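Summary of the model geometry
The lines below spell out each chain.
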Amino acid sequence: MSKLAQAHTEARTVYTKSRKGADYTSSVLKLSSNGKLGKRILKGAWKGATIFTVTLEERATCPSDCAMWTKCYGDNMPFAHRMAMDPSELMRRIEKEVSEACSTYSKVAVRLHVLGDFFSLEYVVFWRKLQHKFQNLFIWGYTAHKVGSPIGQAITEYNTSHGGRWLVRFSNNTNSSLARVGEYTCAVDAPEDTGYVSCPEQTGKAASCGDCGLCWNHNVLKGIRFYDHSKGKKKV
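This report concerns the structure included in the present document. As the structure is a prediction and not an experimental result, all values here were calculated from the model.

1. Points about the pattern of salt bridges
Enumeration over the complete set of coordinates arrives at 10 salt bridges. Notably, a salt bridge pairs Arg12 with Glu10, separated by 2.7 Å at the nearest N-O pair. Classification of Arg12 as buried rests on a relative accessible area of 14%. Across the pair Glu95 and Lys133 runs a salt bridge, and its minimum N-O distance is 3.2 Å. Taken together, the residues Glu95 in helix 2 (residues 87-104) and Lys133 in helix 3 (residues 121-133) connect sequence positions 38 residues apart. Overall, Glu95 belongs to the partly exposed group, its relative accessible area being 31%. Judged by its relative accessible area of 53%, Lys133 falls in the exposed class. A single network of salt bridges, built from pairs that share partners, joins Glu89, Arg92 and Arg93.

2. Remarks on helix 3
A rise of 1.5 Å per residue sets the reference length of helix 3, with its 13 residues, at 18 Å; its end C-alpha atoms lie 19 Å apart and thus fit the reference within 8%. If you check which residues of helix 3 are buried, you get Tyr123, Val124, Phe126, Trp127, Arg128, Leu130 and Gln131. If you follow the buried residues of helix 3, they end up packed against strand 3 (50-54), helix 2, strand 5 (108-112), strand 6 (137-143), helix 4 (150-158) and strand 7 (166-171).

3. Re the nonpolar core
Ranked by internal contacts, the top residues of the largest apolar core, which has 33 residues, are Phe118, Tyr123 and Trp127. Those elements that provide at least two residues to this core are strand 3, helix 2, strand 5, helix 3, strand 6, helix 4 and strand 7. No other element matches helix 2, which puts 6 residues into this core. Not counting residues within four places of it along the chain, the set of residues in contact with Phe118 comprises Thr61, Leu112, His113, Tyr123, Val124, Trp127, Thr143, His145, Ile151, Ile155, Trp166 and Val168. Listed in part, the 19 residues of the second largest apolar core include Phe138, Tyr142, Leu167 and Cys209.

About the cut-offs
Residues numbered from 1 in each chain as written. Predicted model: local features only at pLDDT ≥ 70, side-chain atom pairs only at ≥ 80, totals over all residues. Heavy atoms only, no water. Salt bridge = Lys/Arg side-chain N within 4 Å of Asp/Glu carboxyl O. Buried < 20%, exposed > 50% of the residue type's maximum accessible area, 1.4 Å probe, protein only. Helix = DSSP H or I, 4+ residues; strand = E, 2+ residues; numbered from the N terminus. Expected span 1.5 Å × (residues − 1). Contact = heavy atoms within 4.5 Å. Core = buried A, V, L, I, M, F, W, Y, C linked by side-chain atoms within 4.5 Å.

Pasting the structure below:
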């Protein structure tokens, strides 16, 4: 069995040395240095927000029925710092760092998650509580949890609350191109006949997520189509 196949079987990253535990001295909440994401949001309702990211361990924190389980782009990210400390320690650090960020910047937008997923309902609620506490905190991301699961139900509810400061899309759900209330979607390589909107950053129509804003725009009811990261940008 290859190292990658073993990682798939054992529900973990293939890059075990990249896991960061309680002895990790750097920030959990990272200022974006990713060219795809950008550093600031430049248009839309979240304009002016500084972008931060959180990276967890792929598969270890993800639902086992994730459609990208064996195709995760984390398999090609050996240098990512994957937060793998105890959940209580992780949340303690995040709350402290979010507090510092929200007192420093007028708006803070957190991308959940570069790798990994919401690993418990408590963790989802934790982020909601942070938004109650910090009114300049904005959150967007993607989840492989199913809409009807406990975590999915919480996300659906949050997608319709917080004054438009939260939007997490359900990934690889191609059943409908139009969102029902709170059920925003996205999919990798969604068929053209689904009516999904192709990611403007990947098609060269936007320089970064910060220049785009489709994913967290509550008026964009159509799903977002992403192209397989291993194939690079697609010209259309």
